[in-house]
Every structure is written in C-alpha cells, then in structure tokens.
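Residue strings, one per chain:
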Protein chains: 4
Amino acid sequence: MTIKVGIVGGSGYSGGELIRLLLGHPQAEIAWVTSRADKDLEAVHRNLVGSGLRFVREEEAGECDVVFLCMPSRESMTRAQTYLDRGCKVVDIGSDFRLKDRALFEQVYGAEHSSWDLVEEAPYGATELRRDQVAGARLVANPGCFAYTTILTLAPLVRAGWVELDRLVVNGLTGTSGAGAEPKLQSHHSEIANSAIPYNVVDHRHTYEVEQELSALADGPVRVHFTPVFCPFTRGILSVCTGFATRPVDRAELLELYTEFYAAEPFVDVLTRAIDPAVSWQYLPYPSVAYLAGSNYVQIGIDADPKRGRIVAIGALDNLGKGAASSAIQNMNCMLGIDERSGIAGRGLHP
Amino acid sequence: MTIKVGIVGGSGYSGGELIRLLLGHPQAEIAWVTSRADKDLEAVHRNLVGSGLRFVREEEAGECDVVFLCMPSRESMTRAQTYLDRGCKVVDIGSDFRLKDRALFEQVYGAEHSSWDLVEEAPYGATELRRDQVAGARLVANPGCFAYTTILTLAPLVRAGWVELDRLVVNGLTGTSGAGAEPKLQSHHSEIANSAIPYNVVDHRHTYEVEQELSALADGPVRVHFTPVFCPFTRGILSVCTGFATRPVDRAELLELYTEFYAAEPFVDVLTRAIDPAVSWQYLPYPSVAYLAGSNYVQIGIDADPKRGRIVAIGALDNLGKGAASSAIQNMNCMLGIDERSGIAGRGLHP
Amino acid sequence: MTIKVGIVGGSGYSGGELIRLLLGHPQAEIAWVTSRADKDLEAVHRNLVGSGLRFVREEEAGECDVVFLCMPSRESMTRAQTYLDRGCKVVDIGSDFRLKDRALFEQVYGAEHSSWDLVEEAPYGATELRRDQVAGARLVANPGCFAYTTILTLAPLVRAGWVELDRLVVNGLTGTSGAGAEPKLQSHHSEIANSAIPYNVVDHRHTYEVEQELSALADGPVRVHFTPVFCPFTRGILSVCTGFATRPVDRAELLELYTEFYAAEPFVDVLTRAIDPAVSWQYLPYPSVAYLAGSNYVQIGIDADPKRGRIVAIGALDNLGKGAASSAIQNMNCMLGIDERSGIAGRGLHP
Amino acid sequence: MTIKVGIVGGSGYSGGELIRLLLGHPQAEIAWVTSRADKDLEAVHRNLVGSGLRFVREEEAGECDVVFLCMPSRESMTRAQTYLDRGCKVVDIGSDFRLKDRALFEQVYGAEHSSWDLVEEAPYGATELRRDQVAGARLVANPGCFAYTTILTLAPLVRAGWVELDRLVVNGLTGTSGAGAEPKLQSHHSEIANSAIPYNVVDHRHTYEVEQELSALADGPVRVHFTPVFCPFTRGILSVCTGFATRPVDRAELLELYTEFYAAEPFVDVLTRAIDPAVSWQYLPYPSVAYLAGSNYVQIGIDADPKRGRIVAIGALDNLGKGAASSAIQNMNCMLGIDERSGIAGRGLHP
C-alpha cells in the first residue's frame, strides 16, 4: 500500500522539509505540491535540483490519502473541510486549529473562525501527550514550534506539580528559518548574523498553546511567561524553562521523573549525564540546538538549584523537523496506524 | 599630560581590545603589554599587524601610571599590591576583587584570598552606580560581563521595588569571545556555529555579583535565577530579565523610570520607541546584540505584560567592550578625573 | 543479507557521518566503531544520544564484511592489509592509497609507504570515473574532498580538451568541518566566524590527486593551480575552476558537454538554468554550498566569457558527505554489487 | 577649522559607516544626511540610538564643504555638478565616475552618461596610486570594493611585469553587506548562513575598473578573469589573485617588491612572515578577512609556486571601510590637505 500525499503550500521551509522527508518515506509518495505563486520548485528548494518535482496550482491537485496544510494563519480554516470531504486525512501545520477557546482564538488571531466545529474535532497534535486522540482523528492540529518544545520540556514537571504553576518563565531561542522563507529585515544576514534579537517580548501567540496544553496536564491553570529571541542559526529551537519548586527536589529525582515520563517515546531523549564537579564549563548534561537539525528528535536536560529553590528544564529540537514537518509526518503515521517512526527516524547532522 | 598605561596579560581578547582602544585614546599611551608565553603580538592580534607592538615579560615592565590586569581567577590577587606599591592606579578586569563577602568568595572561587584588605578597598566598578567610589579609588574591580549587563538592566526596577526581589529570572546569551581566546570544544566553529549551548545552568559565578550589587540597591536581599546560553555570534551579551510586578505597572511608567534613572549617563541608551500594534513582529523597541560591537554603549528595552503581572527588561552590550575593556577605560578615566568618554566614545559597527 | 560494517576511527566528523548514514542504510548494520582514546560516543556525537552505540578498541573489533578506515595520513597503510586478510572489503577515507606515483607520495606526505602493493591494487574511488575498477576491488582509496569536487567539476572539460591543460586555476572554499573535530585556533569560532582564511596557498596536497586523475582523463599532463580558503560554514566545498579556452565555445555547448558526460550519474546534477539578462545578480545558474549538506549529491554549474576566452566551472558538495562518508558508502555499495544509491539517496537540507 | 560634511543617501550601509566614522573625525562635523524614503535614522542604524541624528530630504540640505554621494548607479551623475557648483568638494562612492572609456561605460552600465566632462575630470580614487590627482581634485570617483582590493593586491606585480598580463585570475569573496541593506533572497540568513554563493561568474562590472587601472600601471592591456563568491560574513573582501610568472621568482623577491611598493603607505600592510615548513596548516603569512572590519587597512600576502610557475597574491579589506566609507574619507582628507589618517586610523576589531 502506498500512501498518496498532497502538500498545500509547498514553497515555504516547512513545505520543503515535508518534501525532503517524504521522498525518503518508505510507504508514502508525493502526489502533488501546490504553490500559489508561479514558482519553480527547483529554484525555491535548491536541494531538490534534479528531482523532477514541480508545483501545481491547488485547482490541479488530484486525489490523495493525506493532505498537509502549510499555510499562513486564517487560511487553513478555509481548506480543511474541503479535503476532509474528499475523504483525506488532514494535518494542519498552521495555527488555525490549535486553540480550543473560541474567544481566545479570536482575540489572539484577530479574526473569526469559519470552521469552529473542526477545531473541536481536531486534537492538538503533540503526539506524545495525545496519541490516542491523534490515532483516531481525521484532522490534527500540529503544534507551533516554540509551543511544542516548551510543552514537552515542562510536561513532566507540571503534571507532577513540583513547580509553581503561575510562575513558569520560558526563554525561547529560535533560528532564522522560524521567520520563514520570505526575505525581511530581521532575517537579513547582515542584521542577524552577529546578533540576537528579542521580539514580541510579552504575549507571543505560542504562549496560549502552551498554557492550554499544560493546564490540561495540571491540576489548575498554568501561567507561562514567555520571551522569544531570534538567533543566528538556521534551524532549531531552545526552550530554557525556569520553575520555582513547590517542594525540595534534587536533580536525581527530576531525572527519574523525566525518564519515566518519556520511557516509551522514540523521539524524546532525556539527558541523564552526571554533572562533573571537576568541569568548570558544564554543557554536556544539557541539550544544544545543532545536533537535532534535520531530525524528529527532542533532547531535554534538567537541573535544580536547591539554594534558590529553582528548577531549570531545557528542551531543544529542530523547528522545521520536530517543530513542523517531521512531527506532522509522525502524526500522519499515527493516524494511519503505521509505524510512527516511518520516514522520520534519521538522526540530526553533526556537525 | 600623557597617561602611561601597562597591560598585564595582553594575549587574550580583553587585552587585545584594550590595546585597540588605547591606541585611539587621546591622552593615553601604551607603555607595555605583557604575555607569559613567548608569543608574537601581531600573530595573536592580527588586527594590529604593522603596529610595531610586541609583548614583554612582566619582569621587563617599566613604570606607568595605570595598570590593567587581565588575568584568570586567583591571579590578579597576587599582583594588585605590587602595582599599587609602585604608585599605579589599577583596574582589575578579572574576578578577584568583586565579591565583598569573604566566605562567599572562597566558596564560589574555591580558594583563599591573599589580599582581602584590597577587596575591601576596591569598589565594584559599575561606574554608573558607584561613580564616586571609583573616582576616589586606587584599585577598581571591573564587573563581569554577564553581571554588568544584568545589573544595569535591573537596577532601576530593583531600586524602585516594583518587582518581587526573590524571583528575578535572568537568561543571558553570550557570544563566543566570552569563552576566551584559547580553542576549546564548545567554541570550535563546527560545534557552535549552528547551535546554542546552555551551560552552568544553575549557580553561575556571575550570579553572586548580581545579587550583591542589586541587594545593595534594594531594600533587602535579591535572588537572581540565572542561566547562560553560549551563542554563535562573536561579541555580545543579551540579558533577558523577567520580574513579577509587585503592583500594576505599564510600559510608559517603566520607560519613565528608566529614562530618569539613566538620564545623565553617556553610555546607557534606554529604548523608548512605541510599540506599534500594526507590526506583527516587534523588535525595534528592544535591544539587539550586534549594534554595540566594539563600543562602550549599553542599550536597554523594557516591556510589561499586565495580563500576567510580568515585567521584562532586556539589556545588550559588547562583552569585550562595555563588558570588559572599554568599561575598564571608563573607570580609568573616572579615577584620573578626565572626561569619562575619552577614547571610548566610538559607536558600535553596523552591520 | 545484512552487511556487517566496521568503522576504524569513529570519533571524527567523517566517522560520525558514516554512523549516521549507516543507521539508515537498509542493508547495512554497524558491527563496531573504534576510537583510540577512551571516549564516550554519545558525548562526541551528540546527535546520537539514545542510540546505545559505544566505541570499542580496535582489539575488540569482531568480524565484519566491510571496514571503513577513518584515520590520519600514514595510519591506514598499517591497517588495510589486516582487514583484507580477514576477508573484508576496505574503503580508506584517508589519504594513504590515493597517489599512484611512489616518489611523489613520499615527497608529498613526507614518509615511506609500507604497503605499496596495495596502493597499486586500490582504485582511486571517484566512482563516476572508475566505476568498473571500484566494482572489482577489495580496497578502494576514497578521494580527498577538495580533490573529488575539482575532479568532477573539470573532468568533462579536460577530457574534451577544450581548456589549456597547464593553466587550470582552482579556488577551493571549504567549511570548518574540513579541519576536523579537534579544536584549533583557525577553527575557533571567534577567529573564523566573520572571516575567510586562505591557507597552504600553493602546493596543497590535494592538488596532486587532481593532477593525477585529470591527467589520466586528458591527452597529456594537467597542471592545477589550487588555493584553498577556509570559510565560516560547517559543511561544504565550493570549487571555482577557471580554464582558458582552446577554441571558441559558448555556454550552451558546455552545458551539453556536461549533461551528456554525467547523464547516467545519480548523484551529479548539472545546472542548466538559462542566464536571464534581466537579472542583475545571477546565482541560480550556479551551485551554492548549503543545499548539499548531509547528502551525496554534487551540483555543477558552468559559464563562458567569450570576450576573455575563459571558461568557469563550479562544483559544490558536502565535504563530509560526497566528500567523505557518503561517497565511501557509494563505493561500498558498488563493491558489493548492490544499488549504488542504497542508504545515501537523501537530499541535502534546505535551509 | 571644522569641515562641514553632507551625505546624500545615508540609509545604506556605506552611508551608515560614513556617519559612524565622521562622528569620530576630529576636524569634521556632519552637517546633514539625506534619505529619500521617510525613514527614522535610529531605526535604520541602530548603533546610533541616542545620537540625535535624523535624515533630511535633499531639498533641506544646507551648505557644506564636502559632499559624499552614496547612490545607486546612474544617480550620482545627476547630482555631482549641483554640489560642485555650490563650491563643495565631492566624493562619489557610487560607480558613475569610475570608468573612463565612454563606450565601455555605456555598455557596462546600460545607460548614457549625462556628465561625461566630470568623468574626465574625476580621478579614480585609489589614493595609493593616484594621490597627486586626488589632492588636486574637486570630484573623486571612489573605487568599487572588489576593484580596490584587487588593484592594490596586483599593482606591484603588474607594474613590475612579473606576470602574464592577459591571464590574471581573480577569485573574490565578499561579505553580505556587499549586497546592501535591502533584504533580498540571496542575503536571507537562512539561505546564506551555511553557504557560499557564486554569482555573476563572468563579466562582473568591477572587472572593468580593475582592467582600466592595472592597464594604466602596466606596459599594455591587462585581462582580469574575475569570479565573485558571496560568503557568510558581514564585512570583508578577500581577493585571491593568481598570475603566471614571466620569469623565475621566489617569495622573498616578491615580498621585497611589495614592501618597497607600499613602504610609504599608512594603510597597506604587506605580510612578510616566513613560511614555517614545520606547520602543516599555513595561514599566518596570508591575510584573513575578519581583522580588518571597521578599519581602513588593507593586508596583502604573497606566495610563489616555483614548481608550477605561479604567483598568488591575496588582499583583504573591509568592503564598507577601505572598500567604501573610510577610503572616501581618506580621499576627502587628501583633497583638503589634512592628515590622510585623520578619523580613520582605528584598527579593525579582533575578534
């Protein structure tokens, strides 16, 4: 059986990553890739020169089993129903189906929602936390990249109730591919190459996804205090999360909590390396951004500062991989009941 | 009058930056620069090819008016007295004279202090906060780069008492020059160029300087929860500071607080640009790292999230400039009673 | 049938890339990976955290079908015979078996060769040019990264005799992974991140491989005038080759020559895009470095300057992929008679 | 005496660098800076926050002694006369007054020239080679960045006649600031950060400036075979020049030729360091890009390959400094008869 896959909006970076991964997926086949503008696929995705792939208009898109929507805010909501009606499974890489509170959605995205029933139907696709719902879904809302990193990094702590739920401070670093494939000043090489640029310093949209999902795991409402920083690497998210401990806790207990929580997960690696007091510059016990590039893996590290009552959890992943395209494929695999690792088991590049 | 300057330990990046700046200082003249190893100055600092400068051994160092000590922890403490005895003013760019609590010093640096009387004499050289003490000092302890950024970024807030003093969360990003001029794995280009590497995630040494100086400004003890991340730019520190508001406060009030606090400071620029709700990617109201490179300037931005009771203050500077060499020259200027801006008024590079 | 693979010297970047690729090779299985020093594989290759792989000493290495040697100059020559005697096929990623002129080898590498008979037996493993020899070999000498790029870029031109053979000028740009995994000053991030560093400006060792292989293709001896530049990207080689035309030739003819020459090659893409006179900044008709990272693909572009009688051919590949690990696997596939693309068909990352 | 300076077109990178440098020039004062679009100077040049500078429209520009024109091709030609008529000295950083062959100008720039008499009057502002003409000029044509680097790198060789004049091969690497301050795809961080992008591979416009100036130095016409590569650093040009020797020559003779040629030049440093045969990775005898950033210095290295009859000369400078703004100031200083080093003596940053 071959899974025929369509991609709506293939000229961005997530769309390109989907194509790259699906070309190596043993059960899937790319049926079509759309792009609104009249673009040349091999000029847009120069890694695919010689592949023979080309963009079609959405009107020319034929039948398929699964559709990935890679579209700006407020556009997927106009498409999902169409493809569901044709009997396709749909994974939305955009943000239209993530927030489950209608008033909040409309406030955050500044628009009414035209398919609210689908929002209610579509699980938030953090596979590790909602696997059963994803397995039974027709439509899945793939998580935002910052949100997914932070949710996975904090989930065990929040569910255990070991941190103050109203004072979770998250500093997120993102690579430049997070700002998309369209040239703009903040991602102009000369401006960002030697810089780090904080932006949307309070109230970033992904905050609400994190609060929604962590609240669902906790005994009560969770407050996330999130600030993103735009950084000079191309792929990657690093989420540095600080919580204030509700009871004395040391690193060993935290590592046990995390390794148990993620014991069955193929793509979440908890870093359990001991901290060596002889080393003055400790970094191996914590994740770094680079080693996840091109992969579906997440690395999580954790530490405690008993002197100050603080817990720090740090997660890293590739914003285009686990933060977008490869997690979307993981969700597809799960929806279709095939091996979740199919086509996305490759490790990140080093260096 | 010409100020004759000596530099002890000129082969590192701070030493190199001191040389570069002093070559352009209208009143100063480099008398000598030492380096322990038998190194060739123009091979170490290739920007100085043709300058005719060379390293001498410390034994060959002649008379001078001011000495800058650029030495590893636990080494400046063995040198300061010698130069003071010769009648020199001394600025220590190292960490030996910063912490004023002896037990804490010995715990943090793992060593006894051989010149504790000098620690008591030497002001902590955050010029903006201790100008009078610096002006009258023989020996000044130049601040650590992370510490200085964070102290300046939080000082107005802490003195005003508008944030919870035990829950200040600081995420610090540093460029690779912060790890020094000696090759090591974490600053190997292939490892860091596409990465961001958190390290010493709790209890970094600079935390104690920040707690010491902010506690001195506040009504009581201050707790700083600091995590550093090593980033792929060469120069710069970005300090993202989150505080929980003790009373309702909006951005306008915060900007007023900050602009007043720093009104007379030649090197601290508070960014007062309005937040434009029509812009979906706000970054101009906040500082970025790149634009300070090579300069003694600090840029500070501030914002409030009234919904979540949070205040965010962000500071940026050049770790080798304001975070080391140029602030040391500012302190020298202040100690000698000449224009504080002399030799360090140059703006950062763009791009 | 599963191919059991051993890797001698797995702690470097080529060794790491071999591991990453072999984990995804459908017919191969990693039997063992050696490292002399007592290193922790998951600390060295942090992309492989959770893989369960560990280094063994060479003495512990068990049986296998194929051995990859990833060793410094003058070390593979001491190992190849041992593994051949055990019945293994051997691919040497090092430089010991490439040069076929004994006096030249000893002059260039400053050492006598201890297994010269194996040098004579081992084909130079530029698969596209010596496929039949590779298919029948027990031992293959994998090409140097600069050499392979340049040979593939110039081969059609040189065989056609359309350029002066004694005046081929090659400027090669390499990423920092080309200098290996050991920290050193020239690859210290602060030194190289904003730089480009020419080195070994005349008489670089790879020059001799290129001259050897191109002379074999041409009617007479070929002279290559090669200068390498170390550049601030992690993976990639760009070889900019200038030749002086021996007869009037335009770009269309050149493209025809190249597309025919490489028509059957799965991993060589000749860029045939037209030059659009309306575009003032032409780059799409030429290869760039980034899009090949992590892959076994080569992209070649070509142009002519009829006014000045010049031909420019430019090739790009990933020095760790097609320039080392993935081409070694291509050679292994070829030696074993399986699909040459097996395990290495993945496209490079974008971005 | 204060020199009042006006800048036409101050929103680009060269204009910004002029402002930065002139703020530190002891005799000059910025009278006005224009920008066509209604831009906020401190948002465009974020290094100048707090400077109080703002853009004016050209109509509002008042009197001044010197005007710098920073304008796109074909625009300076419409302005120079106006400012000359007002009695200003004019330095054109653009390309309108460089080529002295009218037919060639019109072919290369695709436009007629509206002020050809001024082209004839304006010396080509490579100060080192045309100092007397510059000193007496009202209008100077500042060299193109690639051109200036290459001209200085090859001038001694070409004048001595030690290389074949029709076979000079130049590979030029440029940083991303060379493509200007406007976002575009090739300088989008995600596209260039891990790449090197060759462009305009034959017949780049700067080729003609180089041929013009080198022909003037030589006994006959010079042919330059130039290919530029766009590289992931922000500031810098590296020009790698290969010539075929017309007579046997060794490195010592070449160094003597160069050091003599540039003996009196304050901003040209010839690297004379010996090549140490014990070092396997030679780079100190050659210039690198980074160390010139922000400065007016040029570094030149040279080597010979007697085996192949080749000479390699390599030059490096900052495209925005010596390649644009600071050389323009050097020309201004020369035109006004003040110390040529005034305001531009600062060394590049390291790192």
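Quick caveat, the model's predicted, so the values are computed rather than measured. (Residues numbered from 1 in each chain as written. Chains lettered and ligands numbered in written order. Predicted model: local features only at pLDDT ≥ 70, side-chain atom pairs only at ≥ 80, totals over all residues. Heavy atoms only, no water.)

On to the interface of chain B and chain A, then. Taken together, the contact pairs 60 residues of chain B with 60 residues of chain A. In total, about 5,200 Å² of surface goes out of reach between chain B and chain A, with carbon and sulfur atoms giving 57% of it. Where chain B packs against chain A, one counts eight salt bridges. Between R308 of chain A and D203 of chain B there is a salt bridge, with its nearest N and O atoms 3.0 Å apart. Applying the counting rule to chain B against chain A returns 33 residue pairs in polar contact (both at pLDDT 80 or more). For the side of chain B that touches chain A, the secondary-structure elements that each account for two or more residues are strand 6 (168-174), helix 8 (189-192), strand 7 (197-198), helix 9 (206-217), strand 8 (224-230), strand 9 (237-244), strand 11 (298-305) and strand 12 (310-317) of chain B. Sorting elements by how many residues they give to the side of chain B that touches chain A places strand 8 of chain B first, with six residues. (Contact = heavy atoms within 4.5 Å. Buried area = accessible area lost by both parts, 1.4 Å probe. Salt bridge = Lys/Arg side-chain N within 4 Å of Asp/Glu carboxyl O. Polar contact = N/O pair within 3.5 Å; in protein donor to acceptor, adjacent residues only side chain to side chain. Helix = DSSP H or I, 4+ residues; strand = E, 2+ residues; numbered from the N terminus.)

The two copies are related by a screw motion: chain B maps onto chain A through a turn of 180° and a shift of 0.0 Å along the axis, at an RMSD of 0.0 Å. Put plainly, the chains are arranged around a two-fold axis. In this assembly the copies share their binding face: 100% of the residues contributing to the interface of chain B also contribute to that of chain A. (Least-squares fit on C-alpha atoms with pLDDT ≥ 70 in both.)

This paragraph deals with the domain arrangement of chain A. Residue and element names in this part refer to chain A. Examined at the domain level, chain A breaks down into domain 1 (3-122) and domain 2 (146-317). Between the C-alpha centres of domain 1 and domain 2 there is a distance of 27 Å. Contacts between domain 1 and domain 2 engage 14 residues on the former and 11 residues on the latter. Taken together, the two surfaces of domain 1 and domain 2 that pack against each other cover about 1,000 Å², and 50% of this comes from carbon and sulfur. Ranking the residues of domain 1 by area buried against domain 2 places Y13, R98 and V108 at the top, with a combined share of 42%. Summed over the shared surface of domain 1 and domain 2, the result is three salt bridges. Across the salt bridge formed by E182 and K39, the nearest N and O atoms sit 3.9 Å from each other. Applying the counting criterion to the domain 1 and domain 2 interface returns six residue pairs in polar contact (both at pLDDT 80 or more). Here the side of domain 1 that touches domain 2 gets four residues from one element, more than from any other, and that element is helix 4 (residues 102-109). Considered class by class, the residues forming the side of domain 1 that touches domain 2 number five nonpolar, four polar and five charged. (Domains from an automatic or database assignment. Nonpolar A, V, L, I, M, F, W, Y, C, P; charged D, E, K, R; others polar.)

Attention now goes to the relation of the copies chain C and chain D. Mapping one chain copy onto the other needs a rotation about an axis and a shift along that axis. The two copies are related by a screw motion: chain C maps onto chain D through a turn of 180° and a shift of 0.0 Å along the axis, at an RMSD of 0.0 Å. A share of 100% of the interface residues of chain C reappears at the interface of chain D, consistent with the copies meeting face to face through the same patch.

For A181 of chain D, the location among the structural elements is in the loop between strand 6 (168-174) and helix 8 (189-192). Note: C-alpha distance between A181 of chain D and V44 of chain D (137 residues apart in sequence) is 9.2 Å. Those residues in contact with A181 of chain D, other than ones at most four positions away along the chain, are L185 and H188 of chain A together with S11, G12 and Y13 of chain D.

To characterise two packed helices, one gives the angle between the axes of the helices and the distance between these axes. Residue and element names in this part refer to chain B. Relative orientation of the contacting elements helix 7 (residues 145-160) and helix 9 amounts to 25°, with a least axis distance of 9 Å. The orientation of helix 7 with respect to helix 9, classified from their angle, is roughly parallel. Both helix 7 and helix 9 take part in a crossing whose hand is right-handed. Residue-level inspection shows C145, F146, A147, T150, I151, L154, A155, V158 and R159 of helix 7 in contact with helix 9, the latter providing H206, E209, V210, E213, L214 and L217. Among the residues making up the contact of helix 7 with helix 9, the classes are represented as 10 nonpolar, two polar and three charged. (Axes fitted to C-alpha atoms, helices over the stretch in contact; angles between N-to-C directions. Parallel < 35°, antiparallel > 145°, perpendicular 65-115°, else oblique. Left-handed = near helix turned anticlockwise from the far one by under 90°.)

In this section: the pattern of salt bridges. Residue and element names in this part refer to chain D. All told, the structure shown has 97 salt bridges over all chains when counted by the stated rule. Between R341 and D339 there is a salt bridge; the shortest N-O distance is 3.1 Å. Note on R341: relative accessible area 43%, which makes it partly exposed. On the basis of relative accessible area, D339 is assigned to the partly exposed category, the value being 40%. (Buried < 20%, exposed > 50% of the residue type's maximum accessible area, 1.4 Å probe, protein only.)

Moving on, we get to the nonpolar core. Counting 96 residues, the largest nonpolar core has F68 of chain A together with F68 of chain B as its most contacted members. Excluding anything up to four places from it in sequence, F68 of chain B contacts V5, G6, I7, V8, L18, L22, V91, A328, I329 and M332 of chain B. Ranked by size, the runner-up nonpolar core spans 94 residues in total, among them F55 and M332 of chain C together with L173 and A328 of chain D. (Core = buried A, V, L, I, M, F, W, Y, C linked by side-chain atoms within 4.5 Å.)

Residues and elements named next belong to chain C. Where helix 7 (residues 145-160) contacts helix 10 (residues 251-261), the axes come no closer than 10 Å and their chain directions differ by 110°. For the element pair helix 7 / helix 10, the angle class is roughly perpendicular. Together, T153, L154, A155, P156, L157, R159 and A160 of helix 7 and L254, L257, Y258 and F261 of helix 10 make up the contact between the two elements. Classifying every residue of the contact of helix 7 with helix 10 gives nine nonpolar, one polar and one charged.

The next point concerns the sheet that holds strand 8 (residues 224-230) of chain A. Residues and elements named next belong to chain A. One open sheet holds the seven strands; their spatial order is 7-8-6-9-12-11-10, and the pairing between them is mixed. At either end of the open sheet lies a strand with only one pairing partner, and these are strand 7 (197-198) and strand 10 (268-270). Two elements, strand 9 (residues 237-244) and strand 12 (residues 310-317), share eight bridges in a ladder whose sense is antiparallel. Across the sheet, I237 pairs through a bridge with L317, a residue of strand 12. (Pairing = 2+ DSSP bridges.)

What follows is about the pairing of strand 2 (residues 28-33) of chain D. Residues and elements named next belong to chain D. Sheet topology note: the strand 1 (residues 3-8)/strand 2 ladder contains five bridges and is parallel. Across the sheet, I3 pairs through a bridge with A28, a residue of strand 2. Between the parallel elements strand 1 and strand 2, the chain passes through helix 1 (residues 13-22) in a crossover that is right-handed. (Right-handed = clockwise from strand over helix to strand, strands pointing away.)

Each regular strand carries side chains that alternate between the two faces of the sheet. All names here are of chain D. Along strand 11 (residues 298-305), eight of the eight residues are buried, which leaves the element largely enclosed by surrounding structure. Where strand 10 (residues 268-270) meets strand 11, three bridges bridge the pair, whose relative direction is parallel. The partner of V268 across the bridge, within strand 11, is V298. Connecting strand 11 to the antiparallel partner strand 12 (residues 310-317) that follows it, the hairpin turn spans four residues, and G309 within it adopts a positive phi of roughly 65°.

Right, let's talk about the sheet that holds strand 10 of chain D for a bit. Residue and element names in this part refer to chain D. With mixed pairing, the seven strands of this open sheet are ordered in space as 7-8-6-9-12-11-10. Edge positions in the sheet fall to strand 7 (197-198) and strand 10, since each of these pairs with one other strand and no more. One ladder, built from two bridges, connects strand 7 with strand 8 (residues 224-230); its direction is antiparallel. Following the sheet pairing, P198 is matched in strand 8 by V229. Together, strand 6, strand 8, strand 9 (237-244), strand 11 and strand 12 form the strand contacts of helix 7 (residues 145-160), whose direction differs from that of strand 9 by roughly 35°.

The next thing to look at is the interface of chain C and chain D. Contacts between the two partners involve 60 residues from chain C and, on the opposite side, 60 residues from chain D. Interface of chain C and chain D: buried area, both sides summed, is about 5,200 Å²; carbon and sulfur atoms make up 57% of it. Interface area lost by chain C to chain D is led by V202, W281 and R308 of chain C, which between them contribute 14%. Linking chain C with chain D are eight salt bridges, by the criterion used here. Run the count over chain C and chain D and you get 34 residue pairs in polar contact (both at pLDDT 80 or more). Mapped onto the side of chain C that touches chain D, the elements with two or more residues apiece are strand 6 (168-174), helix 8 (189-192), strand 7 (197-198), helix 9 (206-217), strand 8 (224-230), strand 9 (237-244), strand 11 (298-305) and strand 12 (310-317) of chain C. Among the elements that take part in the side of chain C that touches chain D, strand 8 of chain C stands out by supplying six residues, more than any other. Among the residues forming the side of chain C that touches chain D, the class breakdown is 32 nonpolar, 16 polar and 12 charged.

So, on to the confidence of the model for chain A. On average, residues of chain A score 97 in pLDDT, and 100% of them are at 70 or above. Quick note on the complex model: pTM equals 0.98, ipTM equals 0.97. (pLDDT = per-residue confidence, 0-100.)

The next subject is the packing of aromatic side chains. All names here are of chain A. One pass over the full model with this rule turns up 42 aromatic pairs over all chains. Here F267 and Y297 contribute two aromatic rings whose centre-to-centre distance is 5.2 Å and whose plane-to-plane angle is 75°, an arrangement assigned as edge-to-face. One end of the pair, F267, is in the loop between helix 10 (251-261) and strand 10; the other, Y297, is in the loop between strand 10 and strand 11 (298-305), with 30 residues separating them in the sequence. The class of F267 is buried, set by a relative accessible area of 1%. Residue classification places Y297 among the buried residues on the basis of a relative accessible area of 8%. (Phe/Tyr/Trp six-rings, centres within 6.5 Å; stacked < 30°, edge-to-face > 60°.)

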